[in-house]
Amino acid sequence: MQYFGTGFQIDVRQGVISKGNEVYTLRAKTLQVIALLLREKDSVVSKDRMLAEIWSDVIVQEQVLVQSIKEIRDILGADVIRTFPRQGYQWVAEISDMPLETSAITRFKKPLVFMLFLSLLVLVMAISLFFRGSIQAQRIAFLPVMNQLNDANHNWVSVNGQRFLMDTFSRSSQSNKSHWQIVSMEEIHYAFERLTAKELNAVQAGDYYDLLQYIGADVVVATRLQGFPEDYQLQYTLYFPYTQEKGIVFEQRVNEAFSDLITRLNKRFQLQDNAEHASLISHDFGHSAFVEGINYYLNGQFHEAITMLRAAKQSTPDYLPVSRYLGASYANSGELDTGIHELDEVLMQHASQVDREVMRTHLLLGYLLLSHAQGDQQVLAKAETHVAIAIQLAQQLEDSLFEAYSNEEFAKIKRMQGDFVAAKAALKNSLRLHQVRPESYGRTATLIELAKVFAAESEDEAAWEQLNQAMQIAQQADVPANQIWVLLAKVELAQTELNEQKAAQFFAQAENIAKNSDDPLLIARVETFRNKTFPLVN
């Protein structure tokens, strides 16, 4: 909304006042003060009302209101706002939502001249709108990246990721001579400040309409980063005034995920022909269903995840990540056999492929079979086959991290088969692979498994030593999930020593960390462990 006074212009949407050759940017609260006074310009607005509406989120003194009034008067003059002692303030300067200068049309008195002028004006406006529609820059806003990587190594992601996306898209649009204007970080922060509590709740729930209006953007790009080292997932949603589009990027490195998103945005907004557009639209539903399925999975809503992932698979039947999440969702919902069958079937279809998705699927299938084995040697042998293939593929792809993960699973199988020498050899190899990586917390799972091997050999002192070392690494890296896995392993070790009190203490710590993490999947897994380990405890 814009207001025009004598010699000045107020743009409430942008939060600026233009006066002569100067442009003044208002503070958030001052802007709310001026907006309220303009809305209620026919009456006196009490100080109590202004403090209650504008500073509802904090307890303040009346001086903050006085300061905002002074800021407005310093720019526009003392006579624009009148003070009513012990009552409040009223906007008294002449103001309109149209320029105050006399319209050029009214200067023409004779009907013929007037009609000629009006016709010419309409023609000029039509031509102006035509060219404006052709070249007017569209505004795109990149919100801060929602960072769900719970470790200290990725604290930079939220703001620096936002800046990377803005700068890269700007360079890309300039090189392609497209007409895009990047909304600045300051404008975005300012828009968030102007949101009411109700509007902010709507944004957090995924309704970006009010934010779009405040920013004045044609599209808002919201992103969320999650996953683990070399297994990152960047979810993105494009919010338009009346619709939205969703997608997901899988990459080994965070910057690669951001770059991949920019490539997709270029394709989305700089299309060359209708065929490409049609191809993009045909995958929109599958991408959206996949994103929704992953979100349900991460929230522990596995039945809902299955519904969405099955829909995604129908749209993109050859996309392995969909089948991986679908198989895992079946397994977590109690349909372990169905999950195993899903992964078995999809691997048969991709038997000749050598890529990271096939490697991950073999590793996941081995993990699920291992969970299903319950001492069955045939199932263990099948699990070993898939894990061995995962190790081989990781070596071919020079993927040291997944080779380390696969060695951990191989060690579990060997421990369950009673081959402790082979188990320790696999874990030693896993530790070696982890140690060459910058992220130290990857060793946590390896040390937990090594502790279980020592416990199986009745070397409890060595087992505790490994778990304590694992906890130290998890705490230094500030990774709640790893801290929980160490504590749950300590619960099991304490129970083998028949120390139920100590086991209960470790579980209480794990449960507390899960609740504080506010991660539904972690909370659900700790609860599952409770039901399995303490079935009689409410």
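Above this text sits the structure in question.
First things first, this report covers the structure right here in the doc. (Residues numbered from 1 in each chain as written. Predicted model: local features only at pLDDT ≥ 70, side-chain atom pairs only at ≥ 80, totals over all residues. Heavy atoms only, no water.)

1. What to know about the pattern of salt bridges
Any two side chains of opposite charge can pair, on the condition that their charged atoms come close. Formally: Throughout this description, the term salt bridge denotes a Lys or Arg side-chain nitrogen within 4 Å of a carboxyl oxygen of Asp or Glu. In this text, helices come from DSSP runs of H or I with a minimum length of four residues, and strands from runs of E with a minimum of two, each type numbered from the N-terminal end. Three exposure classes are used, based on accessible area relative to the maximum for each residue type with a 1.4 Å probe and protein chains only: buried under 20%, partly exposed in between, and exposed over 50%.
What the rule picks out here adds up to 20 salt bridges. One salt bridge connects Glu342 with Lys313, and the closest N-O pair in it is separated by 2.6 Å. You can see Glu342 sitting in helix 13 (residues 336–349) and its partner Lys313 sitting in helix 11 (residues 302–315), a full 29 residues away along the chain. Owing to a relative accessible area of 9%, Glu342 belongs among the buried residues under this scheme. Where Arg530 meets Glu527, a salt bridge forms, and the shortest distance between an N and an O atom there is 3.9 Å. Pair noted here: Arg530 and Glu527 are both in helix 22 (residues 520–533), with a separation of three residues, about one helical turn. On the accessibility criterion, Glu527 (35% relative accessible area) is partly exposed.

2. A word on the sheet that holds strand 3 (residues 16–19)
Spelled out, the test is: When DSSP finds two or more bridges between a pair of strands, those strands are recorded as paired. With axes taken as lines fitted to C-alpha atoms, and helix axes fitted only over the stretch in contact, angles between N-to-C directions fall between 0 and 180 degrees. A contact between two residues is defined here by any heavy atoms of the two lying within 4.5 Å.
Taking strand neighbours across the sheet as the criterion, the four strands line up as 1-2-3-4 in an open arrangement whose pairing is antiparallel. Looking at strand neighbours, the two that pair on one side only are strand 1 (2–5) and strand 4 (22–25), the edges of this open sheet. Between one strand and the next, the sheet's axes are offset by a mean angle of 15 degrees, whatever the strand orientation. Taken together, the four bridges between strand 1 and strand 2 (residues 8–11) define a ladder with antiparallel strand orientation. The residue of strand 2 that forms the bridge with Tyr3 is Ile10. Its contacts with the sheet put helix 3 (residues 63–76) on strand 2, strand 3 and strand 4, and the angle it makes with strand 3 is roughly 25 degrees.

3. Some remarks on the nonpolar core
Under the convention used in this document: By nonpolar core is meant a set of buried Ala, Val, Leu, Ile, Met, Phe, Trp, Tyr and Cys residues that side-chain atoms within 4.5 Å join together.
Residues Phe290, Leu467 and Ile484 are the most contacted members of the largest nonpolar core, which totals 83 residues. For Ile484, the contacting residues outside a window of four places in its chain are Ala510, Ile513, Ala514, Leu522 and Val526. Of all hydrophobic cores here, the second largest spans 31 residues; its members include Ile10, Val12, Leu36 and Ile75.

4. Let's talk about the environment of Glu403
What counts here: Between N or O atoms, a polar contact is any pair within 3.5 Å; within protein, one atom must be a potential hydrogen donor and the other a potential acceptor, and residues adjacent in sequence are included only when both atoms are from side chains.
Along the chain, Glu403 falls in helix 16 (residues 400–416). As a C-alpha pair, Glu403 and Asn429 span 26 residues in sequence and 9.1 Å in three-dimensional space. Within the structure, Glu403 has its side chain in polar contact with the side chain of Gln395 (distance 3.2 Å).

5. Some details on helix 17 (residues 420–435)
Worth spelling out the cut-off: By this rule the span expected of a helix is its residue count minus one, scaled by 1.5 Å.
Taking 1.5 Å per residue, 16 residues should reach 22 Å; helix 17 reaches 22 Å between its end C-alpha atoms and fits that length. In this fold, the buried residues of helix 17 make contact with helix 16 and helix 18 (443–456).

6. Structural notes on the packing of aromatic side chains
Basically, it comes down to this: The aromatic pairing rule takes the rings of Phe, Tyr and Trp, using the six-membered ring of Trp, and pairs them if the centres are within 6.5 Å, calling planes under 30 degrees apart stacked, those over 60 edge-to-face and the rest tilted. Placement of a charge over a ring requires the Lys NZ or Arg CZ to be within 6 Å of the ring centre, with the centre-to-atom vector within 35 degrees of the ring normal.
Applying the stated criterion across every chain yields a total of 11 aromatic pairs. Judged by centre distance (5.4 Å) and plane angle (90 degrees), the rings of Tyr297 and Tyr325 are edge-to-face. Here Tyr297 is found in helix 10 (residues 274–298), whereas its partner Tyr325 is found in helix 12 (residues 320–332), with 28 residues between them in sequence. Accessibility assignment for this pair places Tyr297 and Tyr325 in one class, buried. Of note, Lys502 hangs over the ring of Trp464, and the distance from its end group to the ring centre comes to 4.5 Å.

7. Points about the pairing of strand 13 (residues 244–251)
Burial of strand 13 is extensive: six of the eight residues sit out of reach of the surface. Here strand 12 (residues 231–239) pairs with strand 13 via eight bridges, running antiparallel. Across the sheet, the residue bridging to Leu238 is Glu245, located in strand 13.

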